[in-house]
Amino acid sequence: MDPNINSQEEQEDDDQYGVLLYYKYTQIPDLDDLFNFYDSNCNSLSLLGRVRLSPLGVNVTVGGKLRALKKHIAAVESNSLFEGTDFKLAACGRPSNDKVAEECGFTSLSIRIVKELVTLSCNPLIKSPEISHAGKHLSAAEFHSVLQKAGQLDKESKEHNRELVLLDARNLYETRIGKFHPPNVETLDPGIRQYSDLPSWIDDNSDQLQGKSVLMYCTGGIRCEMASAYIRSKGAGFENVFQLYGGIQRYLEQFPDGGFFRGKNFVFDHRISVGSSDANILGACLLCGTSFDDYSSRLRCTYCRMLVLVCDSCQQRKGSVYVCELCQNHHKGVGLSSIENGGISSLPSVETVSSDTKLSCQVPCRQATGPPRKLRILCLHGFRQNASSFKGRTASLAKKLKSIAELVFVDAPYELAFIYQPPSALRELPHNCTSPPTSPQQGPPLPPPSEHCKKKYAWLVAPDFQEKTERGNWEMVDGPFDPLQYQQQTEGFEQSLAYIKTVFAQDGPFDGVLGFSQGAAMAAAVAFAQQTQTIPSKTAEMQFRFVILCSGFGIKLLKQEFHEERMIKKCHCPSLHIFGNDHGKDRQIATQESRELASLFDDGCSTVIEHDSGHIIPTRPPYIDQIKDFLSRFL
C-alpha cells in the first residue's frame, strides 16, 4: 500500500473527532486493576466520557480523536477478557453545545465501579436475572430477515409459525423520534419513562409475550441483555426471546436507508440522535404538534424531568409549562396552564393519591418559565439548627453536586429558646450564643442581646416543650449536653408535616428530601406518611421520588405515628442512608439507631453508606461517588 495513503489516513484520524461505545458482560477478576487501566489509558489518550465497571463487566461511552479511540480499542482488545467485544466507533463532529456535552458527560472523564451496568429495577421484589439467560443474538442482517419473513424465525424449525412480536426496550423520549415499523408484525412500545420501569411493564403485559417469539431491540444492545433475561426467567412460554445484536446503531450501519427503521436513533452522547438517509421526521412538538425531533435544547417536563420535544417557535413563548404525555395521562398539572395554539388550556388537576402510589414515579411541578435542569432536593436541618447554618455545613456537598442537584433549605416550624449554663459549667465553654458571658456581679450570667444570635429551630420537640416567648429567649440548663435527648423528641410531627406540605406547595416541586439528624427522622416519617396514607389530606400534595437520611433515627417516632402493625410492611420509597459506622465517632446519634431506621426501608430500594467521619455528611471519596451514583438513578 502507498505509504502516502497511510500517512494521509493517519492525518485525518488526528484531525477527526469520534465517539466509541461498547459493553461486555464478563466476570472481572480484579476491578481495581481494571479501574487503573481505564484511568491510565483514557487520560493518556485525552478521552472524555463515561466508563462503568462492575463485577460482571464494563459499559463504556467515550469521545476523542479517532486515532486515540483506535489506540484505546487496541489496548482493550489485548486483554482476553474482552474477546468478541463489539466496538461501535463513529466519526462525528466535536461537541458544539456545552449544555448537551455536559449533560451527556462529555466534558470530563468519569470512571466508576458500580453494582450493575444497567439497573433493571430498584423494586426489592425484582431480582436481577442471570445475564447468561439473555435472549439469542441476531445480527442486523438476521434481524432484518426475520422482520421480512414476518414471524418465520427458521423455516426448518417447528416454531416457524409461532407469532412474532417486536418489543422496543427503550424509553418513551427515545421512541418518540424513531422506531421500527415492519409490516405485518405486532410492535410493542412500553412507553416507559425510565429503564427501571420495564420489568413492571413486562409483568403487567406478560399475556402479550407468553407463547410468542419475542424480538427485542434497543440503542446499542446492552439494555436488551438484561431485559431479555428477565423475560426468559418467567418460565414456560417465555423461552423464545431474540435480540438485535449491536442495537439500532449496527442496524443503521447495515441498512443506511433505514430498512424497517423510521426516524432517528436517540443516542446518549453529544450527537443526540443519528438518522438514516430517510429524512422523514417522526417526532412532534409537545405544544403545537408540528413535526420536530431535535432534543438539543434539552427541555424537560416540569413534573418528571423526562425530555420533551418543543419546537423553536414554541420555545420563544413566555410562560410555557412543559408537561409530558405520561404526566398528562396521569392527570398531572395542578394549577398549571399550557400555551397551545395561541390560547390557554388548563391541564387536569390531581384529586387524590391512591394508597398504592409509588413515590418514585411522579413529582409535582411548580409554575416556571422554563423546566428545571437538576434534581431539586428539600433539605431538613437538625435539632437546634436553622436553614442558614445547615446550608453552611453542607456547602461542600452542594458544590460537589452542583451539576446534578439543587439543594433548598428551610427553617423548621418550632423556634427554640437560646440556652446557657451557670458559671461553674462555663469555665471551659466558649463565649457564644449558646453560652453567654458571665456578669461581673454575683448571680447567674447575663445573656447577650438576642438580636446578636441567630434563631434555632426544631422539627420535633419533647412532650414538655413550651413555645418561646419574647421574655423567655433564654433558658438555663444545669448539666452537660445530653447526647440521648433526641430519644425524647417525639412530639410535633403533625405541625411539622403540615408545614412541609406548605413548603411543597409554595416552593416545590422537589425530587427528594434530605434530612440530617432530627431532620432525617422527620424525612423518614414523611416517607412513611406517603406510603401508609394514614393522613391523606396532609400528604397527597407532597410527592417526591427519594429520601436521603443522614445520621438518622426515629424508630420511636414512627411506631408512635404509624402504629407497629403498619410498620410490618417496609417503606418502598428509594432511600440513601448515610451514618457513622461503629468506629465513626458519631457522638450525637448511635450507629444502631441509624441502622434500625435503615432496616425499615426495602433493601432493594435502599443504599447504605457507613463512614468514619462522625456527625457529618462526608464529601470525600468514595462517599461522594456513592451519593452521586444514587442520585444519578433519578436524572
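Just so it is clear, the structure is predicted and the values come from calculations on it, not from any experiment.

**Let's talk about the overall build of the protein chain**
Then step 1. Along its length, the protein chain carries 20 helices and 25 strands.
Then step 2. Long-range contacts, defined here as pairs at least 24 residues apart, represent 76% of the contacts in the protein chain between residues at least 6 apart.
Then step 3. Total accessible area computed for the protein chain in this model is approximately 29300 Å², and 47% of it derives from carbon and sulfur atoms.

**Description of the environment of W201**
Then step 1. Its location among the elements puts W201 in helix α7 (residues 198–204).
Then step 2. Under the relative-accessibility criterion, W201 is labelled buried at 14%.
Then step 3. In the structure, W201 is positioned eleven residues away from P190 in sequence and 6.6 Å away in space, judged by C-alpha atoms.
Then step 4. Setting aside its immediate chain neighbours within four residues, W201 contacts L167, L188, P190 and I192.

**Observations regarding the state of the cysteines**
What makes a disulfide is a covalent bond joining the sulfur atoms belonging to two cysteines.
Then step 1. Enumeration over the complete set of coordinates arrives at zero disulfides.
Then step 2. The thiol of C301 is unpaired, and the distance to the nearest cysteine sulfur, on C327, comes to 3.8 Å.
Then step 3. The structure places no disulfide on C573, whose sulfur is separated from the nearest cysteine sulfur, that of C571, by 5.2 Å.
Then step 4. According to the relative accessible area criterion, C573 is buried, its value standing at 0%.

**Considerations on the confidence of the model for the protein chain**
Then step 1. On average, residues of the protein chain score 78 in pLDDT, and 72% of them are at 70 or above.
Then step 2. Note on residues 151–161: pLDDT is under 50 here. Beyond four places in sequence and across chains, it has ten contacts.
Then step 3. This stretch, residues 534–540, has a pLDDT under 50; its non-local contacts, to residues over four places away or in other chains, come to 15 contacts.

**Things to note about the nonpolar core**
Most often, soluble globular proteins keep nonpolar side chains buried together rather than apart.
Then step 1. Among the nonpolar cores identified, the biggest contains 36 residues, and L380, I500, M522 and F601 are the most heavily contacted of them.
Then step 2. Secondary structure elements with two or more residues in this core: β16 (375–380), β17 (405–410), α15 (493–507), α16 (518–532) and β23 (546–550).
Then step 3. If we skip the residues at most four places from it in the chain, I500 touches L378, L380, W459, M522, V526 and M542.

So, how was this worked out
- Residues numbered from 1 in each chain as written.
- Predicted model: local features only at pLDDT ≥ 70, side-chain atom pairs only at ≥ 80, totals over all residues.
- Heavy atoms only, no water.
- Helix = DSSP H or I, 4+ residues; strand = E, 2+ residues; numbered from the N terminus.
- Contact = heavy atoms within 4.5 Å.
- Areas by Shrake-Rupley, 256 points an atom, 1.4 Å probe, with all protein chains shown as cover.
- Buried < 20%, exposed > 50% of the residue type's maximum accessible area, 1.4 Å probe, protein only.
- Disulfide = S-S within 2.5 Å.
- pLDDT = per-residue confidence, 0-100.
- Core = buried A, V, L, I, M, F, W, Y, C linked by side-chain atoms within 4.5 Å.

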